[in-house]
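A closer look at the structure
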Amino acid sequence: MDRILHFFIIFITTFSFSQTKVGSVQFNDSDVFDEVELMLNGAGENDNSYAIGLYLDLDFDVDDLEDGVKVAEKDATMSLTIKITSSIVNEDFKQIIRNGLERATDGNSYLLEDQIRDFFELLPGEIYKYDIFKILYEKGGKLSLYKNKELLGTMNDLKFKQALFKIWLGENSVNAQLKDDLLGSFDPNPVLGKWKTFDKKTGVAINIVQIYMLEDKVYGAILEMLRHSEKDDVCYECQGEDKNQKVEGLVILKGLKSKGENKYAGGKYTNIRDGKVSDCVIWIEEDRINVLKVKYKGSGGVHEWKKVKE
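One numbering rule holds for all chains: residues counted from 1, following each sequence as written. This being a predicted model, a pLDDT of at least 70 is required before a residue's local features are given, and a value of 80 or more before pairs of side-chain atoms are given or counted; all residues contribute to the totals for chains, interfaces and linings. As a rule here, side-chain values cover all heavy atoms of the structure and leave hydrogens and water aside.

1. Things to note about the pairing of strand S8 (residues 142–147)
Each residue is assigned to one of three classes by its accessible area relative to the maximum for its type, calculated with a 1.4 Å probe on protein chains only: buried under 20%, partly exposed between the two thresholds, exposed over 50%. Helix and strand assignments come from DSSP, with helices taken as H or I runs of at least 4 residues and strands as E runs of at least 2, each series counted from the N terminus. For S8, a buried count of five out of six residues is recorded, marking the element as mostly surrounded by other parts of the structure. A pair of strands counts as paired when DSSP detects no fewer than two bridges linking them. Adjacent in sequence and paired antiparallel, strand S7 (residues 132–138) and S8 are bridged by three residues, among which Gly140 carries a positive phi angle near 115°. As paired strands, S8 and strand S9 (residues 150–156) are joined by six bridges and run antiparallel to one another. By the bridge assignment, Tyr146 is partnered in S9 with Leu151.

If you want it as structure tokens, here you go:
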């Protein structure tokens, strides 16, 4: 996790945040939650009363997004950001939560009554249009509630978190379309995720690269060097801001743009062995979706990276 934050923090200091518009409000495509960097997975609107966005950790398994229940039940850092878009009173907001929990638990929310009351105690006495609530869950059980960047309080209960997130992600969610919006109803981009790279001559694995998107462009950072002797390596030959940075956490794919289905080009690749920066193209063939083809100047041909299954 520290390595992921390392390369992401370096990256966002160079590029401005992009935003996703939902109705009349906007969500940052990446946001900070109590010093935790999360990425917007999807966002939607519910009955013109509020808009909500689901934020996930960069290393969240993309395959899990096919199942909202699995996302809600996962003990992984994530957040829901709720933006109030119409006038609503405290009791109305509580009723939205209570009704949602009753649906999420198949009528058994009474089993969580103590936790529900504890959560309601955290809510402010007044709620206004344009208020922003953030529900941050951190791996290990800590649940924090914020209003307009102010911490209202914390709880520590995985079961309550699971039920709370199922209000919007469960089998009987409050709004089926909203659930699809949060999970990203489009087909998952097969380029994204973790990829294991290999030495083209020997076939020996080198590292694991996390590929992600920001501002509609593809980036890839070294998540882990697989040889123990290389875990603390520094890229002395790299250029610019990458010079003298640790190899683990280094963004080696930058700014690739879509050139058709599952193909990206027009960006740069950094070779950690000699620091050279070259034009790069990556693509996936339809009949081999677990193999990422990578080609750059001086690559000696096409490299094949293999999908890391979790």
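2. Thoughts on the pairing of strand S5 (residues 50–56)
In terms of burial, S5 is largely enclosed, as seven of its seven residues are buried. Here S5 shows no split at all, with Tyr50, Ile52, Leu54 and Leu56 on one side and Ala51, Gly53 and Tyr55 on the other all buried. Note: strand S4 (residues 36–46) against S5, seven bridges, orientation antiparallel. Bridge pairing links Ala43 to Gly53 in S5. The hairpin turn running from S4 into S5, its antiparallel successor, is three residues long, and Asp47 in that turn takes a positive phi close to 50°. Inspection of the sheet shows S5 paired to strand S6 (residues 78–84) by seven bridges, in the antiparallel sense.

3. Describing the sheet that holds S7
Taken in spatial order, the seven strands line up as S3-S4-S5-S6-S7-S8-S9 in an open sheet, and their pairing is antiparallel. Two strands in the sheet have a free side with no partner beyond their single neighbour: strand S3 (30–33) and S9. Each adjacent strand pair in this sheet contributes to an overall mean axis angle of 25°, direction not counted. For this analysis, residues touch if any pair of their heavy atoms sits within 4.5 Å. Note on method: axes are straight lines fitted to C-alpha atoms, helices fitted across the in-contact stretch only, with angles between N-to-C directions ranging 0 to 180 degrees. Where helix H6 (residues 176–183) meets the sheet, it contacts S4 and S5, and its direction lies at approximately 155° from that of S4.

4. Examining the environment of Leu112
With respect to the element layout, Leu112 can be found in the loop between helix H3 (90–104) and helix H4 (113–122). Separated by 88 residues in sequence, Leu112 and Lys200 have C-alpha atoms that sit 55 Å apart. Once residues within four sequence positions are removed from consideration, Leu112 is found in contact with Thr105 and Ala163.

5. Description of the packing of aromatic side chains
Aromatic pairing here means that ring centres of Phe, Tyr or Trp (its six-membered ring) are within 6.5 Å. Orientation follows from the plane angle: under 30 degrees is stacked, over 60 is edge-to-face, and everything else is tilted. Per the counting criterion, the structure on display carries four aromatic pairs. Pairing Phe119 with Phe160 gives two aromatic rings, centres 5.5 Å apart and planes at 50°, and the pair type is tilted. Here the residue Phe119 occupies a position in helix H4, and Phe160 occupies one in helix H5 (residues 158–169), the gap between them amounting to 41 residues. Grouping residues by exposure puts Phe119 and Phe160 together as buried. The interplanar angle of 25° and the centroid separation of 6.0 Å between the aromatic rings of Tyr212 and Tyr219 together place this pair among those described as stacked. Given a relative accessible area of 4%, Tyr212 falls into the buried group. Classification of Tyr219 as buried rests on a relative accessible area of 2%.

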